[in-house]
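Per-entry structural report
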There are 4 protein chains.
Amino acid sequence: MSSVIGERLKVSVFGESHGRAIGCVIDGLESGIKLDMDAIRLDMARRAPGKDKTATPRLEKDDFIILSGVLDGVTTGAPLAMIIENKNVKSGDYDNMLKVPRPSHSDYPAYVKYGGHNDISGGGHFSGRLTAPIVFAGALAKQALKEKGIAVGAHIKSIGSVSDESFELNGITERELISLSSKSFSLIDEKKEEEMRAEIERYRKEQNSIGGIIECAAVGVPAGVGGNMFDTVEGTLSKILFGIPAVKGVEFGLGFDFAKANAAEVNDEYEINDGEIALKSNNNGGVLGGITTGAPIVLRVAIKPTPSISREQSSVNLETMQNEKLVISGRHDPCIVPRAVSVIEAAVAIGLLDLLS
Amino acid sequence: MSSVIGERLKVSVFGESHGRAIGCVIDGLESGIKLDMDAIRLDMARRAPGKDKTATPRLEKDDFIILSGVLDGVTTGAPLAMIIENKNVKSGDYDNMLKVPRPSHSDYPAYVKYGGHNDISGGGHFSGRLTAPIVFAGALAKQALKEKGIAVGAHIKSIGSVSDESFELNGITERELISLSSKSFSLIDEKKEEEMRAEIERYRKEQNSIGGIIECAAVGVPAGVGGNMFDTVEGTLSKILFGIPAVKGVEFGLGFDFAKANAAEVNDEYEINDGEIALKSNNNGGVLGGITTGAPIVLRVAIKPTPSISREQSSVNLETMQNEKLVISGRHDPCIVPRAVSVIEAAVAIGLLDLLS
Amino acid sequence: MSSVIGERLKVSVFGESHGRAIGCVIDGLESGIKLDMDAIRLDMARRAPGKDKTATPRLEKDDFIILSGVLDGVTTGAPLAMIIENKNVKSGDYDNMLKVPRPSHSDYPAYVKYGGHNDISGGGHFSGRLTAPIVFAGALAKQALKEKGIAVGAHIKSIGSVSDESFELNGITERELISLSSKSFSLIDEKKEEEMRAEIERYRKEQNSIGGIIECAAVGVPAGVGGNMFDTVEGTLSKILFGIPAVKGVEFGLGFDFAKANAAEVNDEYEINDGEIALKSNNNGGVLGGITTGAPIVLRVAIKPTPSISREQSSVNLETMQNEKLVISGRHDPCIVPRAVSVIEAAVAIGLLDLLS
Amino acid sequence: MSSVIGERLKVSVFGESHGRAIGCVIDGLESGIKLDMDAIRLDMARRAPGKDKTATPRLEKDDFIILSGVLDGVTTGAPLAMIIENKNVKSGDYDNMLKVPRPSHSDYPAYVKYGGHNDISGGGHFSGRLTAPIVFAGALAKQALKEKGIAVGAHIKSIGSVSDESFELNGITERELISLSSKSFSLIDEKKEEEMRAEIERYRKEQNSIGGIIECAAVGVPAGVGGNMFDTVEGTLSKILFGIPAVKGVEFGLGFDFAKANAAEVNDEYEINDGEIALKSNNNGGVLGGITTGAPIVLRVAIKPTPSISREQSSVNLETMQNEKLVISGRHDPCIVPRAVSVIEAAVAIGLLDLLS
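Quick caveat: nothing in here was measured; it's all calculated off a predicted structure.

Describing the interface of chain D and chain B
Contacts between the two partners involve 37 residues from chain D, matched on the other side by 37 residues from chain B. Taken together, the two surfaces of chain D and chain B that pack against each other cover about 2800 Å², and 61% of this comes from carbon and sulfur. Remark: the boundary between chain D and chain B carries 0 salt bridges. At the boundary of chain D with chain B, the tally comes to 10 residue pairs in polar contact (both at pLDDT 80 or more). Every element with two or more residues in the side of chain D that touches chain B is listed here: β2 (10-14), β3 (21-27), β4 (64-66), β6 (74-75) and β7 (80-85) of chain D. Examining the composition of the side of chain D that touches chain B, we find that 4 residues originate from one element, β2 of chain D, more than from any other. Among the residues forming the side of chain D that touches chain B, the class breakdown is 16 nonpolar, 16 polar and 5 charged.

This is the structure we're talking about:
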């Protein structure tokens, strides 16, 4: 297992859901970045549960403590370590899972991989809670990117059958992304919020959960970043994005819509615009041959419905090797998508900063 | 730029389309693997152009020469280097591209990145021709995987509006994959071939090209392979898959269909089957929490239409900084999907062998 | 800068001398290792200062807190994070160093590298105090190695003009190494302790410091570990060893004595011993072609005299760019060698476990 | 096994002594470097055997062929692949070694590691011949470094009992290094050549071989390169240096002489010199805290006597598991040191360029 990512900017994430603390070490940050603590807290609040009824009502206050790498609010260039202490942990809810793996969770493969030694309480190291350090690292990465003129922002593209507008691939602005990345329920068309919340509520009431799509963009990345073959922007970002629980698909630009498209329609032609080279369209989502074109980077990720639902489900008992019914008690998110928006932004920011470092 | 991939099994790809030779070095292969040269040649033939009218009629015979790492047909454990020499290269067709970047190709971002020093002839290091060494490495990886009881195979899921059947996520057999991975036009439902070829022909006639989807699976991978966070099976495979020209999306299991799905419907429950733990469904495509479940690994990649079309397109002249019309002469693939099938298999095999090494 | 080491076992070290906490994250530890906390504490005590007058009298109690990766005293397989909190930090002693770099310290190159943003108090991230997390990680690594039948131990080979005996290259026993690795002043010939302490005391009295050599060995490593070219045992261990402050040389087996040796004298011949292949001598220190031979691994590191001495020294003022005299106040180790023994053992244990993972 | 080195500049070496070809792939070279082919050939000639009677008389003409990454003599930024074809290979000399490992060679540990599958003919992938691609890569690295104002050069510090002068640690000039790096028998004091050749001849006559020390330096590296902990200049260079056959020790600045030194004597003080910060001495060999100080980087490596000698030696038969006498036929270098000078320069150049990339 490796919870370390990055070539030049290395992020090492640690912690278990109900352990003493979770956190991360960020190695390779430039010295001299003045940190905006409020911006970090905002991103972490966007991810935190308990904001409203669409998310799990557990209190999960993310008070982060920076242990190293920052002096008088400015990065020193040394590894930046951060921890979030766990308080009032109640682990009883998860007792039976030690023997009966939850469907569509990592319980069973983790049991095989770790021979039963892994901490399963609250999901252990596999818990969605571990995305908090990722959001923290991403918030720092965003600040480093901001100094380079780069903005990253994402929105809920869809939840179940309800869709937000899509990014206009070649017309995304910094202002739009800054606005999105400050919302707790990020939408381009804010009027959709009510409808989406209703969709979530519908699944919550039936002890079920629902998936969705998050669309993320970055503007200001100059042309020429990344590489072909195995340093592609797409591959670098995907490596991190698939590390976020529930992500099951990643696409860039038109993505899977390319499958029915023809070149005459979707090729991105060039033109001179105010003396500069510009793309007439951006169907490739800002990346050609693995390298940025200077146009906005645009990607979408598929988020599966949270597998923790309170309905009775079929499973097996790992000790008796008999079939067994399972009811997961406790409260669970009927839809993780709204909270995942800042996590996706974080993953993209971390990946871009690594490519630019 | 890095054309090196892998943690334990490292594949380093080199060469330019019209250069002296292309090839790869595979570092970390186990010693003692008896190579089946015919199987390697078959995979390379599946990728090679000129087989029929759906592909480009250029002759591109891939006679590989193994320079090291093999003794009497058996791997020695030392790095295995392979080259394919280029013969009768005609580079005149590409002359104007030095100044006028082809739309949706890497020409422009590569020009920015390399300051105009990169070899643009035939696409240089960005050429689809560079997938030949990947197929070679993949063919070796498949043989190493075979000794571990693992089979990898892929098929054309769709080309434009014509679709093949999908894999039955939880019912894929080794025999099915072996069969698919020996076809030159890989389909589950072979009756679709004619229709697909007609679709391609339609776009060829209108000097256009069309995209598609390739679906790939692996069976026999035991539970417990991969890791959560940043060693996920999904992330590891995606990093390589996005290194293949024209890939713009990757999804696992239900992938983007998860976005409209609810957990009660799609959760993969467990049951005891013949005394063994089995999944009742495999919507997660064989991976949970980044780790294999023992069920078949199933993924899909979106392939964009090849951007080289002979229609006149708009571009700019990098020297004069004026708009300029571009006509790409020469013959080009109206659809790269059939030839890409063995490349996708190769990428998946390389990634799996790395995870298992 | 990267404070992350290792390919399969990754250790990420963080913290600054006078910061809130120092610590490390160990990623890739096997699950199921039962930790012996007393053994960890012993190793950390061996490194800790203040034991006697040969070391600095500052109190530096290393109470480590394990945050993750351990459940009921057994590793879970998830990243193991550990912190040591700093208490009662007094930073005034170091104020002038911000402007006047200490000779032979990292102050000046770090100032250039980090543009003056690095935390210089107490040496910041460059402080010898950062070896505490390395000793912690090494203590864990030793326990994992012990389960594989491998023991690591080191001794003070020399301090100034006083020498201990050398390891008998081909006759080192597990018992000998276990004994050495439990001593706080590790010597093969314990009668030398008094003389060595006198040597150190001599330099302390003259406000000076003295260097030395540490010799380290590992027994029980099977033949066939490591690789030639760039995965050599020697290179892998050196990469870590040179990360320890004050290490300026590393040699294996006869090391620099090979320079005057001839092959007829020093070649390590083979013989059959009790039906097993054995080396008649071990001048190569257990490694040939970068790969272990099964004989004890033996290496020596040169430790320079600690540069912090209280005598007046010449330096420059980075602001005024004028020459300036510098007196480093506070108390400093007149010889770091005794305390460095467990750090060298740790580095070797971490490197070996990485090679074996 | 990994024959790939480097973080940003990756060099992948392949080939076996008597195989079809040896070579390397250099990934991450900047585009736009104009190659000086004669300079490359000179470095390769310095390493090549057969120049005079101090080296093995086998003809080993290193005609390298660049396959990719260079266009019109200028690097393209794509991976640069190079091969050297083997001609007229005679492998009979090595037949018995398959069963009877040569003392102090990699034969036995390689046999264990590769289960007898490795190509043992001529040393296979472990052969000193594999340093030819390293010298090639180093020659390119030197040219890239030259554009940054950096020169690298080395000399024979000693062979057996005969010593050259040492570098004046703080007074090395670019001119001196350029001069050394163009010699085929590199000495500061050229009058020592005769004496050294006599020393070698003495061992050749007695069918023996002798070791030595090579001293290498780099000037022009600015302050602030490298990092502390695990990106140290010392560790990075050592990782590569220990990959060169016969290297058994590496030291920087005073190296092992630090062991008897006291700080008052050896601390490197600062002074203002012509308005610039300068070191009054350079006992640390240009590196403090793992980071360059701007002073010359100086290091020494210990080279063991080549283990191939024609005297009868004791070994074992791996099949019969009986003791067996071994006589290695063929001609062998009585001293590898003169030929290794350009290899050491290459390793240092590769490592520095990686740190600077």
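Looking at the relation of the copies chain D and chain B
Overlaying chain D with chain B gives an RMSD of 0.0 Å, the required rotation being 180° about an axis along which the chain moves by 0.0 Å. The transformation relating the two chain copies, once decomposed into turn and shift, fits a two-fold axis. A shared binding surface is used by both copies, with 100% of the interface residues of chain D retained as interface residues in chain B.

Regarding the sheet that holds β7 of chain D
With antiparallel pairing, the 5 strands of this open sheet are ordered in space as β1-β2-β3-β7-β4 (chain D). Two strands close off the open sheet at either side, each with one partner strand: β1 (4-5) and β4 of chain D.

Concerning the interface of chain A and chain B
Every contact between the two is made by 99 residues of chain A and, on the other side, 99 residues of chain B. At the boundary of chain A with chain B, total buried surface from both sides reaches about 7900 Å², with 64% on carbon and sulfur atoms. Of all residues in chain A, the largest losses of buried area upon contact with chain B belong to Phe230, Lys248 and Tyr270 of chain A, amounting jointly to 12% of the total for that side. At the junction of chain A with chain B, the criterion picks out 2 salt bridges. The salt bridge partner of Lys248 of chain B is Glu234 of chain A, with a shortest N-O separation of 3.1 Å. In this assembly, chain A and chain B are joined by 47 residue pairs in polar contact (both at pLDDT 80 or more). A total of 6 residues in the side of chain A that touches chain B trace back to one element, the largest contributor, which is helix α6 (residues 233-241) of chain A. Inspection of the sheet shows strand β11 (residues 247-252) of chain A paired to strand β11 (residues 247-252) of chain B by 3 bridges, in the antiparallel sense. By the bridge assignment, Gly249 of chain A is partnered in β11 of chain B with Glu251 of chain B.

Details of the relation of the copies chain A and chain B
In screw terms, the move from chain A to chain B is a rotation of 180° and a rise of 0.0 Å along the axis, fitting with an RMSD of 0.0 Å. Looking at the interface residues of chain A, 100% of them are also at the interface in chain B, so both copies use one shared face.

Some remarks on helix α6 (residues 233-241) of chain C
Taking burial as the measure, the 9 residues of α6 of chain C include 9 buried ones, the bulk of the element. Listed in full, the buried residues belonging to α6 of chain C are Val233, Glu234, Gly235, Thr236, Leu237, Ser238, Lys239, Ile240 and Leu241 of chain C.

Concerning the pattern of salt bridges
Counting across every chain of the model gives 68 salt bridges over all chains. Linking Glu193 of chain B and Arg197 of chain B is a salt bridge whose minimum nitrogen-to-oxygen distance equals 2.7 Å. Note that Glu193 of chain B and Arg197 of chain B are positioned in helix α5 (residues 193-205) at a spacing of 4 residues, about one turn of the helix. The exposure class assigned to Arg197 of chain B is partly exposed, which follows from its relative accessible area of 22%. One connected set of salt bridges, linked through shared partners, spans Asp43, Arg46, Lys142 and Glu345 of chain A.

A closer look at the packing of helix α3 (residues 131-146) of chain D against helix α8 (residues 337-356) of chain D
Residues and elements named next belong to chain D. Viewed as axis vectors pointing N to C, α3 and α8 meet at an angle of 50°, and their least axial separation amounts to 7 Å. In terms of orientation, α3 lies oblique with respect to α8. For the crossing formed where α3 meets α8, the hand is left-handed. Facing Thr131, Ile134, Val135, Ala137, Gly138, Ala141, Lys142, Ala144 and Leu145 of α3, the residues of α8 in contact are Ser342, Val343, Glu345, Ala346, Ala349, Ile350, Leu352, Leu353 and Leu356.

Some thoughts on the packing of aromatic side chains
All told, the structure shown has 14 aromatic pairs over all chains when counted by the stated rule. Between the aromatic rings of Phe252 of chain A and Phe242 of chain B, the centroid separation amounts to 5.4 Å while the plane-to-plane angle is 85°, which identifies the pairing as edge-to-face. Here the residue Phe252 of chain A occupies a position in strand β11, and Phe242 of chain B occupies one in the loop between α6 (233-241) and β11, the pair thus bridging two chains. Since its relative accessible area comes to 0%, Phe252 of chain A is described here as buried. For Phe242 of chain B, a relative accessible area of 3% corresponds to the buried category. Geometrically, the ring pair formed by Tyr270 of chain A and Tyr108 of chain B is edge-to-face, given 5.4 Å between the ring centres and 65° between the ring planes. Placement of the pair is Tyr270 of chain A in strand β12 (residues 270-273) and Tyr108 of chain B in helix α2 (residues 107-114), with the two residues belonging to separate chains. A single burial state applies to Tyr270 of chain A and to Tyr108 of chain B, both of which are buried.

What counts and what doesn't
Residues numbered from 1 in each chain as written. Chains lettered and ligands numbered in written order. Predicted model: local features only at pLDDT ≥ 70, side-chain atom pairs only at ≥ 80, totals over all residues. Heavy atoms only, no water. Contact = heavy atoms within 4.5 Å. Buried area = accessible area lost by both parts, 1.4 Å probe. Salt bridge = Lys/Arg side-chain N within 4 Å of Asp/Glu carboxyl O. Polar contact = N/O pair within 3.5 Å; in protein donor to acceptor, adjacent residues only side chain to side chain. Helix = DSSP H or I, 4+ residues; strand = E, 2+ residues; numbered from the N terminus. Nonpolar A, V, L, I, M, F, W, Y, C, P; charged D, E, K, R; others polar. Least-squares fit on C-alpha atoms with pLDDT ≥ 70 in both. Pairing = 2+ DSSP bridges. Buried < 20%, exposed > 50% of the residue type's maximum accessible area, 1.4 Å probe, protein only. Axes fitted to C-alpha atoms, helices over the stretch in contact; angles between N-to-C directions. Parallel < 35°, antiparallel > 145°, perpendicular 65-115°, else oblique. Left-handed = near helix turned anticlockwise from the far one by under 90°. Phe/Tyr/Trp six-rings, centres within 6.5 Å; stacked < 30°, edge-to-face > 60°.

So far we have only geometry, and geometry alone does not tell us how the molecule works.
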